[in-house]
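If you want the building blocks of each chain, they are given just below.
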Protein chains: 2
Amino acid sequence: MKCTVCRGPAVIDLRRHNANFCADHFLRFCRDQVVRAIDEHSMIEPGERVLVAVSGGKDSLALWDLLLGLGYDTEGMTIGLGIGDYSAASTEAAVAFAERRDLTLHRVDLRRDHDYDIPTASAVTRRAPCSSCGLSKRHLIDKAALDGGYDVVATGHNLDDEAAVLLGNVLHWHTEYLSRQRPVLAERAGPRHDARSDGRSGRGSGSRVFPRKVKPLVRLAERETAAYCVLRGIDYIVEECPMAEGNRHLRYKEALNVVEAASPGAKHAFYFGFLARAAARFAPEVDGAEGELRPCARCGSPTTGEVCAFCRLVDQAAGQDPVPVELVRPGRGGRRARTKAGS
Amino acid sequence: MKCTVCRGPAVIDLRRHNANFCADHFLRFCRDQVVRAIDEHSMIEPGERVLVAVSGGKDSLALWDLLLGLGYDTEGMTIGLGIGDYSAASTEAAVAFAERRDLTLHRVDLRRDHDYDIPTASAVTRRAPCSSCGLSKRHLIDKAALDGGYDVVATGHNLDDEAAVLLGNVLHWHTEYLSRQRPVLAERAGPRHDARSDGRSGRGSGSRVFPRKVKPLVRLAERETAAYCVLRGIDYIVEECPMAEGNRHLRYKEALNVVEAASPGAKHAFYFGFLARAAARFAPEVDGAEGELRPCARCGSPTTGEVCAFCRLVDQAAGQDPVPVELVRPGRGGRRARTKAGS
């Protein structure tokens, strides 16, 4: 097997690109795909401050490494989810990556900072763990980005992730999620209580209530981000989250793998075909159809209700006796879980 | 396992309905689903003449049996496709069904009547066999319905078929096919050469060029139509078409089965959710976007070109030395095959 570019020994074959690459040209391929994603979808402007959401897995570490290599001004943020050894090892991988490169990594720990963890939240709310996990991460990362003045949040969602989420949204025809499933979510302005550094609380007008969020890995498959990490010597946590086992997202990946195995490139065509020919058809019929936003009475974050979903989750889960991972059966409550767009 | 209705011994469990049925209540269930499909989508009016497209498989024979049981005025039509033993056995099953019930079954044979067969057409055109097969069936059934003055054509597409076709169209975002994937295709009027019985050719105006086509089995899974035939003592051809082996349609079924196995009802939600919340979004932006129709110079059928696709196929394939099934590798030319709506 020879590298399609230099004819040297290849280390990876990419069937959907009908190409093989040596290590150097594969790394260049990954970088090119990220550059292309950023350019085509106007994700990040030069000079902008980027907050990278870092889990410690292959995708987020590859993302951070790639953005650094491209010269972007990045800092990382990682959230301790309290999912037993898995979370401990994840945080460790993220911290090790940052320390070795002398990077700034902001750390939040659900148990330390908000007195709950994901297994406990899942048990208390009787919903799928992925539900409270996604909600917690979105809220805390959005808040950190706004409070820290970052221009944009970058997440490590890859092509497999996005195609699987799209399949889930299509199988249920969640039209409201379909309208938001894009590689870039624009920032949104609106009223927001400013309750941060100085302790006072005021009502800003026209300020950002959601930061711009971008997915620069959307042109790379998960097999490719894994290979990238291996070739770059990046230690990442290999295990999948034990609480996600058997969840719908993994099933949708499995279904798409049936198709991809016989038709390499099917996932790419599915996702990018959606963006090109279908996404606009699901745009909300009227602006503001998502509901009027107002500041959460508790934390000031934008919400359509009185108290935001995160504060309601904290209300339910904080201060409860911690529930060990083992007691929260994977997939429990899965029937009530829904696929989400633009996490 | 007890029947959900009468508590007698059940013969089948329907996970997606969370129900078990004895033979009688299962047959009633099938009939009710067909009644509901016909009613909800205004498929057939009382008194209309129905032409049933009969392959000899479980779906089309169950369909004919169900429509007879509901008192519809039906005749059948079957097409000898020339796919070796498979076609011979299919026709035999269709003929046996009709003879035993003293029903009218119209027969067309591609080789006898048009001097080609599907394996030969596939080899000559170098396209997937399913492509020339679908084209031939659509053309001949439409023509027979118009010439015979039938009000409507009924086909045996079941829920698994429709969901798999929908998945294929969604994976490729074939927006034009998505706009037509409905359980009812309305009849269309337009100019048409009338070149039938009296040998003269005239140009009709405002006459039907496409008959209404309906899929009354769209609420039944293929496992259910098979069980229906078994319980009704209907002999059908069990084999799948040998030329379809490995084709995309079967792969899409496999992918959906991954999802359905874990979430019974997923296919139903996918297909009917599409009809309810998405189909209208794919309607052509302007009427007539499908292209101006005019009569085929050869046969008078509606076409957007000079000569219709069927006549072009016959031009290519007729009179060629027959190619045996075995020489046409299944899936050959599959890369150029496309999923079709409203076949």
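Residue positions within a chain follow its written sequence, with the count starting from 1. Chain A is the first chain written and ligand 1 is the first ligand written, with later ones labelled in order. Reporting in this predicted model follows two pLDDT cut-offs: at least 70 for local features of residues, and 80 or more for side-chain atom pairs to be given and counted; totals over whole chains, interfaces and linings ignore these cut-offs and use all residues. The side-chain numbers reported here are obtained from all heavy atoms of the structure, hydrogens and water having been left aside.

## Some details on the interface of chain A and chain B
Every residue pair with non-hydrogen atoms within 4.5 Å of one another is taken to be in contact. Every contact between the two is made by 26 residues of chain A and, on the other side, 26 residues of chain B. In this description, buried area is defined as the sum, over both parts, of the accessible area (probe of 1.4 Å) that is lost when the two are combined. Of the roughly 2300 Å² buried where chain A meets chain B, counting both sides, 67% is carbon and sulfur surface. When the buried surface of chain A facing chain B is broken down by residue, Leu171(A), Trp173(A) and Arg281(A) rank first, second and third, together holding 32% of it. Counted as salt bridges are all cases of a side-chain nitrogen of Lys or Arg within 4 Å of a carboxyl oxygen of Asp or Glu. Linking chain A to chain B there are zero salt bridges. Any pair of N or O atoms that falls within 3.5 Å is considered a polar contact. Within protein, one atom must be able to donate a hydrogen and the other to accept it, and sequence-neighbouring residues count only if both atoms are side-chain atoms. Our count for the chain A to chain B interface comes out at nine residue pairs in polar contact (both at pLDDT 80 or more). In this description a helix means any DSSP run of H or I spanning at least four residues, a strand means any run of E spanning at least two, and both kinds are numbered starting from the N terminus. Taken together, the elements giving at least two residues each to the side of chain A that touches chain B come down to helix H7 (159-171), helix H10 (248-262) and helix H11 (266-277) of chain A. Sort the elements by how many residues they give to the side of chain A that touches chain B and H10(A) lands first, with nine residues.

## Considering the packing of aromatic side chains
Stacked, tilted and edge-to-face pairs are distinguished by plane angle, under 30 degrees for stacked and over 60 for edge-to-face with tilted covering the rest, among Phe, Tyr and Trp rings (Trp via its six-membered ring) whose centres lie within 6.5 Å. Counting across every chain of the model gives 17 aromatic pairs over all chains. Measuring from ring centre to ring centre gives 5.4 Å for Phe274(A) and Trp173(B), while their planes differ by 50°; the resulting arrangement is tilted. With Phe274(A) in helix H11 and Trp173(B) in the loop between helix H7 (159-171) and helix H8 (175-178), this pair bridges two chains. The cut-offs for exposure are 20% and 50% of the maximum accessible area for each residue type, with area from a 1.4 Å probe on protein chains only; residues under the lower value are buried, those over the upper are exposed, and the others partly exposed. Take Trp173(B): its relative accessible area is 1%, and that puts it in the buried class. Here a set of aromatic residues connected by ring pairs shows up, and it is made of Trp173(A), Phe270(A), Phe274(A), Phe282(A), Trp173(B), Phe270(B), Phe274(B) and Phe282(B). Whether a charge sits over a ring comes down to the Lys NZ or Arg CZ being within 6 Å of the ring centre and within 35 degrees of the ring normal. Residue placement shows Arg49(A) over the ring face of Tyr150(A); its charged tip is 4.2 Å from the ring centre.

## Comments concerning the side chain of Thr303(B)
Position of Thr303(B) relative to the elements: it lies in strand S12 (residues 302-303). Setting aside residues no more than four positions away along its own chain, Thr303(B) makes contact with Glu292(B), Leu293(B), Arg294(B), Pro295(B), Cys296(B) and Cys308(B).

## Looking at the sheet that holds strand S6 (residues 152-154) of chain B
Residue and element names in this part refer to chain B. Criterion used throughout: strands pair if DSSP finds at least two bridges between them. One open sheet holds the six strands; their spatial order is S5-S4-S3-S6-S10-S7, and the pairing between them is mixed. Of all the strands in the sheet, the pair left with one neighbour each is strand S5 (105-109) and strand S7 (184-185). Pairing between strand S3 (residues 49-53) and S6: three bridges, direction parallel. Paired with Leu51 across the bridge in S6 is Val153. In this analysis, axes come from line fits to C-alpha atoms, helices being fitted only over the stretch in contact, and the angle between any two N-to-C directions falls in the range 0 to 180 degrees. Those strands touched by helix H3 (residues 84-101) are strand S4 (73-80) and S5, and its axis lies near 160° from that of S5. Across the sheet, helix H6 (residues 129-147) lies against S3, S4, S5, S6 and strand S10 (212-214), angled at about 145° from S4, the strand it touches most.

## Quick word on the packing of helix H1 (residues 23-40) of chain A against helix H9 (residues 222-232) of chain A
Residues and elements named next belong to chain A. Where H1 contacts H9, the axes come no closer than 10 Å and their chain directions differ by 130°. Between H1 and H9, the angle falls in the class oblique. Here H1 runs over H9; the crossing is left-handed. Touching Ala23, Phe26, Leu27, Phe29 and Cys30 of H1 are Glu224, Ala227, Tyr228, Leu231 and Arg232, all from H9. In what follows, roughly perpendicular refers to angles from 65 to 115 degrees, roughly parallel to angles under 35, roughly antiparallel to angles over 145, and oblique to any angle outside these ranges. Each crossing gets its hand from how the near helix is turned against the far one by less than a right angle, where anticlockwise is left-handed and clockwise is right-handed.

## As for the relation of the copies chain A and chain B
The transform that puts chain A on chain B rotates by 180° and translates by 0.0 Å along the axis, for an RMSD of 0.0 Å. Here the symmetry operator amounts to a two-fold rotation axis. Among all C-alpha atoms of chain A, that of Ala255(A) lies closest to the rotation axis, at 2.2 Å. When the interface residues of chain A are mapped onto chain B, 100% of them again lie at the interface, so the same face is used by both copies. The copies were overlaid with a least-squares fit restricted to C-alpha atoms from residues scoring a pLDDT of at least 70 in each copy.

## Observations concerning the side chain of Thr120(A)
Residue and element names in this part refer to chain A. Summarising the element assignment, Thr120 is placed in helix H5 (residues 118-125). The class for Thr120 is buried, based on a relative accessible area of 0%. Setting aside its immediate chain neighbours within four residues, Thr120 contacts Arg111, Ala317, Gln320, Asp321, Pro322 and Val323.

## Here's the deal with the sheet that holds strand S7 (residues 184-185) of chain A
All names here are of chain A. Strands sit in the order S5-S4-S3-S6-S10-S7 across an open sheet of six strands; the sheet is mixed. Whereas interior strands pair on both sides, the edge strands pair on one side only; in this sheet they are strand S5 (105-109) and S7. Relative to the sheet, helix H3 (residues 84-101) contacts strand S4 (73-80) and S5, its axis offset from that of S5 by approximately 160°. Of the strands in this sheet, strand S3 (49-53), S4, S5, strand S6 (152-154) and strand S10 (212-214) touch helix H6 (residues 129-147), which is tilted by about 145° from S4.

## Topic: the pattern of salt bridges
All names here are of chain A. The tally for this structure, following the rule as stated, stands at 40 salt bridges over all chains. Between Arg223 and Asp13 there is a salt bridge, and its shortest N-O distance comes to 3.0 Å. Of this pair, Arg223 sits in helix H9 while Asp13 sits in strand S1 (residues 12-14), and the two are 210 residues apart along the sequence. The class for Asp13 is partly exposed, based on a relative accessible area of 28%. Bridged by salt links that share partners, the residues Arg36, Glu40 and Arg219 form one connected network.

## Details of the pairing of S3(A)
All names here are of chain A. Most of S3 sits out of view: four of its five residues are buried. Of the strand pairs in this sheet, S3 and S4 are connected by five bridges, and their pairing is parallel. The partner of Leu51 across the bridge, within S4, is Glu75. Note on handedness: a clockwise path from strand one over the helix to strand two, with the strands aimed away from the viewer, defines a right-handed crossover. Between the parallel elements S3 and S4, the chain passes through helix H2 (residues 58-69) in a crossover that is right-handed.

## Some points on the confidence of the model for chain A
All names here are of chain A. The score called pLDDT rates the predictor's confidence residue by residue, from a low of 0 to a high of 100. Here chain A averages 89 in pLDDT, and 89% of its residues register 70 or above. Predicted confidence is poor over residues 195-205, with pLDDT under 50, and the contacts of this stretch with residues over four places away or in other chains come to 16 contacts. A low-confidence stretch, residues 331-343 (pLDDT under 50), is modelled with 41 contacts involving residues beyond four sequence positions or located in other chains. Listed scores for the predicted complex are pTM 0.88 and ipTM 0.86.

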